[in-house]
Each structure stands twice: as C-alpha cells, then as structure tokens.
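# Structural description and commentary
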Amino acid sequence: MINNILTYEESYEILKEHFRQVKPSIIEIDILDSVNHLLAEDIISDIDMPPFDNSQMDGFAIKYNNEIREWNIIGEISAGNYQEIEISVHTAVLIMTGAKLPSRADTVIPIEDVIIESNKIKLKDNITLKKGNDVRFKSEDIKKGTIAVKSGTLIKTNNIPLLAACGKNKIKVYAPFRIGLFATGDELVDIDSIPMNDRIRSSNLYSLTTLITESKMIPVNFGIVKDDKAQIKDTIIKALESDIDILISTGGVSVGKYDYLKDVIEECGFELVFWKVRVKPGKPLLFCIHKKTGKSILFFGLPGNPVSAFVSFNLFIKPFISELYKYDSQKRFKAILEHDLTKKDDRKTFVRGIIDFHIDNFNSKLKTQNSKLKTHLFTVRKVSGGTQSSGDMASLSDANCLIIFDADKNKLNDGEFVECIMI
Ligand code: AMP
Ligand code: MG
C-alpha cells in the first residue's frame, strides 16, 4: 500500500500497470453481434479473393494484342453463369460485371469504349487499351490461407463484408468486462422512493450503470448496502462469486466514523494499492486488487458524492477500458478559455465546463489573440451558476466537459489553451 497521497499522474501509471494484468476472457459471438467488439483471433481467409479472374465492368473480354482494335463477338458470360468459350486474339465475349473471364482472356474493354456493329466491336479511336484492363485477378485482394482481419481489430461495420466473405458466422472476441457495483450509505433510498427526513436518493448506482454501459461493459448491480461491516462484507463476497472483473463501490471511503470500506475490503482478501489521490473532485479514491482466484479483480472505492463518483469513473476507469478495448470513447480537446480561472489548493482539478464548437464562426476577440486560428475553434467556459461542489449534480448536468486545471497552477488565463475531457 502506498501511504503518501499520490498525484493524478502517479495514480494513472499505477492503474495502467494493473489494468494490463486484467485479461478479458474470450467469447464466441455471431457475426451480426460483433460490431464494436475487439477481435480475439486472426481471421484467415478460406478462399482466394477474388476467387477467380473476373470482369469489373460490363464489356468485352478479349485476349490482348496491341495491334488489334476489332473483334468478333462469339458469346456471352454473366455473373454466376460461366461457360468456357475458346477465344482467339480476334474474338471477344460479351461479359458482365463479376462474371468469370474465359480462360484465355486477360483484358476487358468497357462497353462505353467500343462501337458495336451487329456481331462486331471496334475500339473507339480515342481509346488506348492496356493489357489487364478492368480485370480483377484471382487472389489479388487476399490469398487463401492468409490473414484477412488481424486479431486486436475493433470490429466496425466496414470489417463485416470481409468477415462475411471469409465465411465467418461465429467470431471470437474479447468479452466485455463484467463490472460489479454497489452503493453504501444508511441515508440511501432507491430512486422510486421519495426521500424522507435525512434520506437521499442513490443516484450513483444509476450514473455508474450508464457509464459502464456507455463504455460497452456489463454492469452487475449489487444494490444499496447499509454502512454496516457485515453487510458490506457479504456484498463483496457475493460480488467475488459472480465472475466479475472489476468491482466498484461508492461512499464510505473517507475518514468518517462509518467509512468501513477500507477495512472490509482487506478482510475480503483484497490488497490495498493506494488510497487518496490529489485530485478534485474525488480525492478519497481507494484502489485495491484481488489476486486469489487465478485472475486479478480490480476494486475501486469511489467517494459517495455524485459528482466525485462520476468524475472518478471518467478519470480512473474509463480511459483504461477505452485503451484496452480500443474504444475512442473519451475525447480530449484543447479549447480556448473564455475567462480567468483560479484555484487555491495543489490538487489537480477537473472543472465542470462547457465547450462550444465554432466552425468558421469565431468572435473577433479570439481571432486577434491567435491569428493562426482560421476555422474549427473550440472555446470553453466554466458552467455558470451553481457551485463546483462535489455534490452539485446541477452543474454536472449543465456541463459537457471537464476542464483540466493542473495541480501546480493557481491560475488559468482568459484566452489560453486548456485541455478538456469530454463527458
Ligand atoms: P461518503 O463518501 O459516504 O462520505 O458520502 C459523501 C456524500 O455523498 C454524502 O453526502 C452522501 O450522502 C452522498 N452519497 C453517498 N452515496 C451516494 C449515492 N449512492 N448517491 C448519491 N449520493 C450519495
Ligand atoms: Mg457514506
């Protein structure tokens, strides 16, 4: 366990290392369900592509001879209706797109390039023909037995034609992580209740579930748990028995009298890696690892405040999932700050902000500040009204990004470029 409070950058490196140890399992799925999954096998083509020399135009198949410009039409072949036709340098076969070439033919003249007179064709005067014109040769795209799509490819719809052409109806992919989650707190009620007295609705279970599904992972919800050691322990044990890869809790990781997570997680066989990171919001983050069952299970104890929980997932979990599964789900932009921003402490701070995307439409103040900017300009401002408190869900709801305010800075200036994480 690391005792000093880590910087964000230090925690990032540690997490990166630990995420490397979590190996997603491999599952076989139907090609129709495979989009957005990471391919876990090399797809080998079981055929040549194309499988035979064929025409890529409607036209005439000939045997090329650079001195001949006229041919007799002696037959026709359409796609799927091959018949062997013996051709010589003086004869041509009417051929349709995709049709297999007669065995002696090596060139196709598009129909637009000839003058047809009864059963004769003549190359138009302005046309020069090259040998091999408009022929798709056997195996020129992919040879039988070679790799068509590499393992580790994030499958997109543009990969599907090739996968289908390779005859793959079942495909091995990396299974999405199963991510268990539970919320701790005696004050919590579910969202279909009206919170009375000192109760509040447990919004975290909902925000985390959607963050997990947005990351294309599988949420496994263990519900609301009281601030009670035995109940928390039971929940963690149940989670460990549920084939999860990552476990997330919210609440109970600070220094309050009933913040039990840190103690209980160790009793359940987890090893503490670090507790607390110098960030705002989200400082009390607890990170542990369980190695007993032959696979590593990561545990994230997120703070209970709804904004802290949300931001923590975005900072400490989402980037690593995105990297592992090759999702481009967390976009970062540099934007021009529309006003000064100040802070007093030395924590790396993630300010709820609003990025505006101006395309060919930027105000003259910014134009003079940076004359290099011609088009695509992003500006960003802090969410107005509300607070930046870690409980203020309204300002989170108004935001579309987090402005990164580095630990060692106390001021960001009006007009400077700042880095923002889209949320
Ligand atoms: P804790 O991290 O347990 O000290 O909680 C910090 C703050 O977050 C408290 O005001 C809690 O009431 C609130 N909180 C804890 N869990 C949740 C939750 N699941 N949903 C919404 N707010 C929560
Ligand atoms: Mg609590």
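Read on for a plain summary of the structure.

Parameters and conventions
- Counting from 1, residues in each chain are numbered in the order their sequence is written.
- Whichever chain is written first is A, and whichever ligand is written first is 1; the rest continue in order.
- A pLDDT threshold of at least 70 governs which residues receive local features in this predicted model, and a stricter bar of 80 or more applies before side-chain atom pairs are shown or counted, although totals over entire chains, interfaces and linings include all residues.
- Side-chain measures were taken over the full set of non-hydrogen atoms in the model, leaving aside hydrogen atoms and water.
- Distances are taken per atom, and a residue is near a molecule or strand as soon as one of its heavy atoms is within 4 Å of it.
- Any pair of nitrogen or oxygen atoms within 3.5 Å is treated as a polar contact; in protein, a donor-acceptor pairing is required on top of that, and neighbouring residues in sequence qualify only through side-chain atoms on both sides.
- Areas reported as accessible are Shrake-Rupley estimates using a 1.4 Å probe. Residue values count occlusion only from the protein chains shown.
- Here a cavity is any set of points on a 1 Å grid over the protein atoms alone where a 1.4 Å probe fits but cannot get out, and a pocket is any open set with protein on both sides within 12 Å along at least 5 of 7 lines; a residue lines the site when it has an atom within 4 Å of a point.
- Criterion for pocket placement: a molecule counts as inside a cavity or pocket if more than half of its atoms are within 2 Å of its grid points.
- Side-chain atoms within 4.5 Å are what join buried Ala, Val, Leu, Ile, Met, Phe, Trp, Tyr and Cys residues into a set we call a nonpolar core.
- The classification of residues rests on relative accessible area computed with a 1.4 Å probe and restricted to protein chains. Under 20% of the type maximum is buried, over 50% is exposed, and intermediate values are partly exposed.
- The secondary structure listing takes helices from DSSP runs of H or I that are at least 4 residues long and strands from runs of E that are at least 2 residues long, numbered from the N terminus.
- Residue ranges labeled as domains rest on an automatic or database domain assignment.
- Contacts are assigned to residue pairs with any non-hydrogen atoms lying within 4.5 Å of each other.
- A pair of strands is treated as paired once DSSP finds two or more bridges between them.
- Lines are fitted to the C-alpha atoms to define the axes, a helix being fitted only along its stretch in contact, and any angle between axes, read from their N-to-C directions, falls within 0 to 180 degrees.
- Should a side-chain nitrogen of Lys or Arg be within 4 Å of a carboxyl oxygen of Asp or Glu, the pair is scored as a salt bridge.
- Grid points are joined across faces, edges and corners, and a volume is the space filled by probe spheres set on the points.
- Throughout, the ten residues Ala, Val, Leu, Ile, Met, Phe, Trp, Tyr, Cys and Pro are labelled nonpolar, Asp, Glu, Lys and Arg are labelled charged, and all others, Gly among them, are labelled polar.

Around ligand 1 there are 16 residues in total, and Glu187, Ser202, Gly252, Gly304 and Asn305 lie nearest to it. Between ligand 1 and the protein, one listed contact pairs a nitrogen atom with a side-chain N or O atom of Ser202 at 3.0 Å. Coverage of ligand 1 by the protein amounts to 76% of the 490 Å² it exposes when considered alone. In this structure the site holding ligand 1 corresponds to the largest pocket.

This part covers the nonpolar core. With 47 residues, the main nonpolar core has Phe19, Phe177, Ile248, Phe274, Phe300, Phe316 and Phe350 as its most contacted residues. In terms of residue count, helix 6 (residues 306–316) provides more of this core than any other element does, 7 residues in total. Each of domain 1 (8–25 + 175–325) and domain 4 (332–422) accounts for three or more of the residues forming this core. Excluding residues that lie within four positions of it along the chain, Phe300 makes contacts with Leu15, Phe19, Ile246, Leu247, Ile248, Ser249, Leu285, Leu286, Phe287, Phe316 and Ile317. The next biggest cluster of nonpolar side chains, apart from the first, holds 22 residues, and it includes Phe222, Trp275, Leu286 and Cys288.

Overall, mixed pairing links the 6 strands, which are arranged 16-13-17-21-20-18 in an open sheet. Each having just a single partner strand, strand 16 (218–225) and strand 18 (271–275) make up the two edges of the open sheet. Strand-to-strand twist in this sheet, taken as the mean axis angle between neighbours without regard to direction, amounts to 20 degrees. Relative to strand 20 (residues 286–290), strand 18 is paired through 4 bridges, and the arrangement is antiparallel. The residue bridging Trp275 from the neighbouring strand is Leu286, located in strand 20. Together, strand 17 (246–250), strand 18, strand 20 and strand 21 (297–302) form the strand contacts of helix 1 (residues 8–21), whose direction differs from that of strand 18 by roughly 150 degrees.

Remark: a regular strand shows side chains that alternate across the two faces of the sheet. For strand 26 (residues 401–405), a buried count of 5 out of 5 residues is recorded, marking the element as mostly surrounded by other parts of the structure. Strand direction decides the pairing type here: strand 24 (residues 348–358) and strand 26, joined by 5 bridges, are antiparallel. Residue pairing in the sheet places Arg352 in a bridge with Leu402 of strand 26. Here strand 26 runs beside strand 28 (residues 417–422); their pairing, made up of 3 bridges, is antiparallel. Across the sheet, residue Ile403 finds its bridge partner in strand 28, namely Cys420.

Here we take up the pattern of salt bridges. In total, this model carries 20 salt bridges according to the counting rule given. A salt bridge links Glu267 to Lys233, with the shortest nitrogen-to-oxygen separation between them at 3.5 Å. Of the two residues, Glu267 sits in helix 5 (residues 261–267) while Lys233 sits in helix 4 (residues 229–240), which places them 34 residues apart along the sequence. Residue class for Lys233 comes out partly exposed when judged on its relative accessible area of 28%. Asp243 is paired through a salt bridge with Lys295; the nearest N and O atoms lie 3.4 Å apart. One end of the pair, Asp243, is in the loop between helix 4 and strand 17; the other, Lys295, is in the loop between strand 20 and strand 21, and 52 residues separate them in sequence. We classify Lys295 as partly exposed; its relative accessible area is 28%. One salt-bridge network, held together by shared partners, links Glu9, Lys348 and Asp406.

A few words on the layout of surface pockets. Roughly 340 Å³ of volume is contained in the largest pocket. Forming the walls of the largest pocket are 24 residues, and the residues nearest its centre are Glu187, Gly251, Pro303, Gly304 and Asn305. Sorting the residues of the lining of the largest pocket by element identifies strand 13 (178–184) and strand 15 (200–201) as the ones contributing at least two each. Residues of the lining of the largest pocket, tallied by class, amount to 9 nonpolar, 11 polar and 4 charged. Taken as a whole, the second largest pocket spans an internal volume of roughly 270 Å³. In this structure, the second largest pocket is lined by 14 residues; those nearest its centre are Lys280, Thr342, Lys343, Thr349 and Gln388. Per-element accounting of the lining of the second largest pocket gives the leading share, 4 residues, to strand 24. For the lining of the second largest pocket, a count of residues per class yields 5 nonpolar, 3 polar and 6 charged.

All we've got here are geometric facts, nothing functional implied.
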